[in-house]
Amino acid sequence: MSLTALMATAQAWANKEVPSAQFEIQETVYKFDIPSQSLSKAITAFSKVTGLQILYLEQAPFSETSPAVKGTYRVVEVLDRLLAGSSLKYRFTSENSLTLELKNNQNQAHSENVTEDILVIGTNQSRYDSRYSQTGTLIAKDVSEIARSVEIIPEQLLLDTHAQELEDVYRMSPNVVNMDGYGGSREDFLIRGFRRRDDIYRNGVRLKTNGRINPDTVESVQIIKGPVAEIGQMTPGGLVNIVTKKPSYKRESSVVTNFNEHGQRQVKAETTGPLDDQEKLAYRVTASLENSRNFRDAEIDRQFLASSMSWLGDEGTTIDFNYEYTHDERPIDRGLATVPTGGSTIANVSQSTRLDQANLNNRDATTHIWEIDSSVPVFNEDWYLENKLFYAYEQVDEIRNEIVNVSDAGVLTRRVQGNDDRELSTAFGRMQLRGKADVGLPLDLASGLEVRHQYETWTNFAGANQTGGTVWDPSSFTLVNNTQSSPLLRVYTEVEQLSYGPYAQGDLHLADNLTLTLGARYEVYDNEYNSDNKLTGSLSGIDPERDSKLTKSAGIVWKPVDVLSLYASYAETFQSQNIYSGNSSTAVFSPEEGRQFEVGAKWSGWNDRLLLTGAIFDIEQENVVETVNGTPTMTGGIRSRGVESSIVVNPVKGFNLRASAGFLSAKIVSDNDNDGNRPANTPATTASLWASYEFQEAASPLQGLGLGAGLSHVGNRYGNNSHSFELGDYSLLDVGLWYYLPIQNNSRVRFDLGMKNVTDEEYFVASGNDRRISVGAPRTVFGSVRVEF
C-alpha cells in the first residue's frame, strides 16, 4: 500500500463516526492524584496518567479552575469530575484520543472541521509535559508552585534527542555540566559548581552507584537545584532524581533498534498493560541488549531487564513492585593527558588516541534492584500512608592502567591496577504520611521516617610502575600485568554507613495566592572503615562516634496574578566527611555543611503552554577538610553565586521549544594557594536549546514528519583547582528528523535519522586531573527504528 493510500485510510478512520461506548479506554481504571488547579493543568495531568491525546478548540476557556480528584476511578468518572461546572464537554474520537469543546458551541460547521483533524499520527503533547514534580519534592505539585528551581526532562525529549546515556540529558539544565565519571563508567555531573560525591537519586532514594543508569526505563529526569533539607545528605548544588516508568493499564508494546556510524548496536523491547479483566493488576517489562563501539574504539556490552507490577485496590490502596537487572561491561577510558613542557598543555594528539592498553582495561558490573511501594488511604480520602522498601546489590570487577607520570619529553609512566570483587549493597526503608488538613489554614503535609544502610567491600590491587611509550605513540611500549609478580598494593577494604531519622515538609496556604513551605530533617549517621593490607598484614580502621544533624528549609510563593509566581527560599544540607578516604584525621571532623538563598519568578502563560523561569541564588559550602602544611584542616569550601533562566513552550500544535542559560560565579574558599580560584570543571556560562516541530494536521501532506535541532554551550573551564591548564569552551549543534508511519490497528513505525556535533568540534568534556581528561565525541550520524503496537 502506498503512503498516500495509508494516510487516506488513516484520515478516513479519524472521520469515522463511532459510538463512544465502543472505546474500552472509557471504562479503564487508573489511580489519580490531581490537585485543584487551572483546568489546563488538570487536563495535562489527566492525559499523562491515561496516555490519551487531548484535542480542544483554541477558544476554549482554559482559565477555569477544576476540582481536585484523588483516588481510583474510571476515565469517564474523572472527566465528569474535572469538567463539572465548566463550559466544556468531551467527546471520544478514538481509543487513544478525545476532543474538548464548548457546550454552547453555536458554530457546528467549525466543530465538524475540527473533527477532521482528530487523528494525530505524531507525538502526544502530554509526553512533553515538564510541569509536575512528584517523587523528588515530597509534596506533588506543579513546578510553578515550588519555591526553588526544578527542571523536569521527560522521556520524550530523550527519544527526540537520541539520548543514549543520561549525560546527554544533564546538559539541558542551566549551570549543570558533565564530569569525567571514572573514565566514563559512572554517572557524574556538577550542579551550580558542586560535584556529586557518588550518589544519584532513583525514585526519591539516595543510591550510591559505581555504574551507569540505563535510560531505557526512565520516565523523567528531575534536576532539583540547591540543598533539599528534607531529603538527607547531599552536596549543596542540587541533585538528580531518576523517575522510572510504571505499569500502564492501557496495553502498549514497542520494539526499537538504535545504531550510529561508530558502531552502536542496540535493540530494546517493551510491553505494558493490564493482567486481569477488572484492570486492577498491570505489568511492564523492558529489556534491551547492546553490543557497541564508540569513537575511541571502546567496546560496550550491556544487557538490561526491568519488570514491574501495579495493583489497584477498590478503596484506593496501591502496591507497586519493581525489579531491575543490569550488566554493563566497558573499559575505564581516562582520556588524554597534559605534557609539562613549557607549562601544562593537553597533548596535541587525535581525539581518538587511547593512552591505555585495551587488553588490560575492562570493567564488568552487575546490578540488581528490588523496590516495593504501597499507598493506603487512612482517616479519609485526604490522607495516605505510604511505604517504600528498597534494596540494591552491585558487584564489580575491574582492571585498568593508569598514567602515573608524563615526563617533559612526553614519556609515559603507567601502572596496572584495579579492584577485585567490589560488592555494594544499599537497603532503604521509608514510612510516610501524606495528606491535607485544616489547622485554621489549609495545610498539605508529608512527614515520615527513613532508614538507610550501605555496605561496601573490595580489594584494591596494583603492580609496579612501568615506563615506556609516549603520549604520541603509547602503543610503542607493551604493558604487562605485573599485579601478581611485582605487586605494589593489595588492600581489602570494607565501609559501612548507617543513617536514619524523621523528616517533614508542609505547605501552609496563608491565602489563595500565598503559600509558605517549611521543612526539616533530623538525621543520625554512623560510619565505619576497616582495611587489611594483604602484602604487609597490617590492619587499620576508623570508627567515628555516631553523630546527628538537623537541617531546615523555608520558602514562600506569592502569586500576584494567576500566571505569575514570585518566590524566595532558604535551605540547608550536610554531608559526613568522606570516610572512603581512609584518613582517620579527616573522618572525625564535623560534617560538611551547605546553605542556599534563592529568589526567583515563574510565569505560566498561553493557557499553561509557556513556562518561563528565572532565579538568583547564593550557595555557601563550609567545613571541607583540606591539607594545610601537611595537616588536615577544616577550612575549605566553595562559594557559588549565579543567575539562571529557562523556557519551555508549546506555542502551536506540534511545536516544542526548550531553552536555558546559566551564569555562575564560583570560587574556592581555602587557606592554601587555591583560595579565590574558580573550581575545576566549572564554567562561568552554560546554555542549551532544543526545538522540534511535527506536522500533525491530518490535511498536511507532511503529516507524521518531525524535525528537531539543538544547541548546547559550555564556557571555558580550568582542568584543576590550581589552574595549571584549561579545557576551553565548546558549542555543539545537533539535528534530527523523524517520521511516523501508521500501519494498522493503531500501530505505527517511527524512523529517526540525525547527526550530533554537526560542526565536528573538538572539545573536552571534563578533567579528573592532568592525566584524566575526557574527550568529547566527534560528528556522529545516528538512526533508529521504533515499532509501536
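These figures come from a predicted structure and were not determined experimentally.

Chemist: Would you mind showing me how to read the overall build of the protein chain here?
Modeler: Per the secondary structure count, the protein chain includes eight helices and 46 strands. What you see for the protein chain is a C-alpha radius of gyration of 27 Å, in line with the 28 Å of a compact globule of 789 residues. C-alpha atoms of the protein chain, sized along the principal axes, occupy 85 × 65 × 45 Å. Counting only residues that meet the buried cut, the protein chain has 57% of its 789 residues in that class. Across the protein chain, the fraction of contacts at a sequence separation of at least 24, relative to all contacts at a separation of at least 6, is 67%. As displayed, the protein chain has an accessible area near 31,300 Å², and 54% of this comes from carbon and sulfur atoms. Placing the 73 positive and 103 negative side-chain charges of the protein chain at their respective mean positions leaves the two points 1 Å apart.

Chemist: Help me understand the sheet that holds strand β10 (residues 150-154), please; the structure alone is not making it clear to me.
Modeler: The strands making up a sheet are joined through hydrogen bonds of the backbone, oriented either antiparallel or parallel. Pairing is mixed in the open sheet, where five strands are placed in the order β10-β16-β17-β14-β15. The open sheet is flanked by β10 and β15 (205-208), the only strands paired with a single partner. Put simply, the sheet's adjacent strands are angled 30 degrees from each other on average, direction ignored.

Chemist: Which parts of the structure should I look at to understand helix α2 (residues 39-50)?
Modeler: Residues spaced three or four apart along an α-helix point in a common direction, a consequence of the helix completing one turn every 3.6 residues. The end-to-end C-alpha distance of α2, which contains twelve residues, comes to 16 Å, matching closely the 16 Å that a straight helix rising 1.5 Å per residue would cover. Among all positions in α2, only Leu-39, Ser-40, Lys-41, Ala-42, Ile-43, Ala-45, Phe-46, Ser-47 and Thr-50 are buried.

Chemist: Honestly, the packing of aromatic side chains in this entry has me stumped. Any pointers?
Modeler: Overall, the coordinates contain eleven aromatic pairs when judged by the stated rule. Measuring from ring centre to ring centre gives 4.9 Å for Tyr-693 and Phe-695, while their planes differ by 85 degrees; the resulting arrangement is edge-to-face. Aromatic rings pair up to connect Tyr-30, Phe-32, Phe-46 and Tyr-249 into one cluster. Lying over the aromatic face of Trp-458, Arg-422 brings its terminal NZ or CZ to 4.2 Å of the ring centre. A cation over a ring is seen here: Lys-756 above Phe-782, with NZ or CZ 6.0 Å from the ring centre.

Chemist: Explain the environment of Ser-531 here, please?
Modeler: You can see Ser-531 is positioned in strand β31 (residues 514-533). Sequence separation between Ser-531 and Thr-457 is 74 residues, and the spatial gap between their C-alpha atoms is 9.5 Å. The contact partners of Ser-531, leaving out residues within four places of it in the chain, are Val-491, Tyr-492, Thr-493, Ser-538, Leu-539 and Ser-540. There is a polar contact of 2.5 Å between the side chain of Ser-531 and the side chain of Ser-540.

Chemist: Whenever I open this one, the nonpolar core confuses me. Can you help?
Modeler: In globular proteins that are soluble, nonpolar side chains generally tend to be buried together. Among the nonpolar cores identified, the biggest contains 29 residues, and Phe-32, Phe-46, Leu-52, Val-75, Phe-92 and Leu-98 are the most heavily contacted of them. Counting residues per element, the ones that place at least two in this core are β1 (29-34), α2, β5 (69-74), α3 (75-83), β6 (88-94) and β7 (97-102). For this core, the leading source of residues is α3, giving six residues. Counting residues in each nonpolar core, the second largest holds 20 residues, with Ile-153, Tyr-170, Ile-213 and Trp-690 among its members.

Chemist: Would you mind going over the environment of Ile-638 with me for this structure?
Modeler: Inspection of the secondary structure assignment puts Ile-638 in strand β38 (residues 631-649). In sequence terms Ile-638 and Gln-621 are 17 residues apart; their C-alpha atoms lie 5.2 Å from each other. With residues up to four places along the chain from it excluded, the contact list for Ile-638 reads Gly-193, Phe-194, Ile-619, Glu-620, Gln-621, Lys-667 and Pro-679.

About the thresholds
Residues numbered from 1 in each chain as written. Predicted model: local features only at pLDDT ≥ 70, side-chain atom pairs only at ≥ 80, totals over all residues. Heavy atoms only, no water. Helix = DSSP H or I, 4+ residues; strand = E, 2+ residues; numbered from the N terminus. Rg over C-alpha atoms; globule rule 2.2 N^0.38 Å. Buried < 20%, exposed > 50% of the residue type's maximum accessible area, 1.4 Å probe, protein only. Contact = heavy atoms within 4.5 Å. Areas by Shrake-Rupley, 256 points an atom, 1.4 Å probe, with all protein chains shown as cover. Lys, Arg positive; Asp, Glu negative; His and termini not counted. Charge placed at Lys NZ, Arg CZ, Asp CG, Glu CD. Pairing = 2+ DSSP bridges. Axes fitted to C-alpha atoms, helices over the stretch in contact; angles between N-to-C directions. Expected span 1.5 Å × (residues − 1). Phe/Tyr/Trp six-rings, centres within 6.5 Å; stacked < 30°, edge-to-face > 60°. Lys NZ or Arg CZ within 6 Å of the ring centre and 35° of its normal. Polar contact = N/O pair within 3.5 Å; in protein donor to acceptor, adjacent residues only side chain to side chain. Core = buried A, V, L, I, M, F, W, Y, C linked by side-chain atoms within 4.5 Å.

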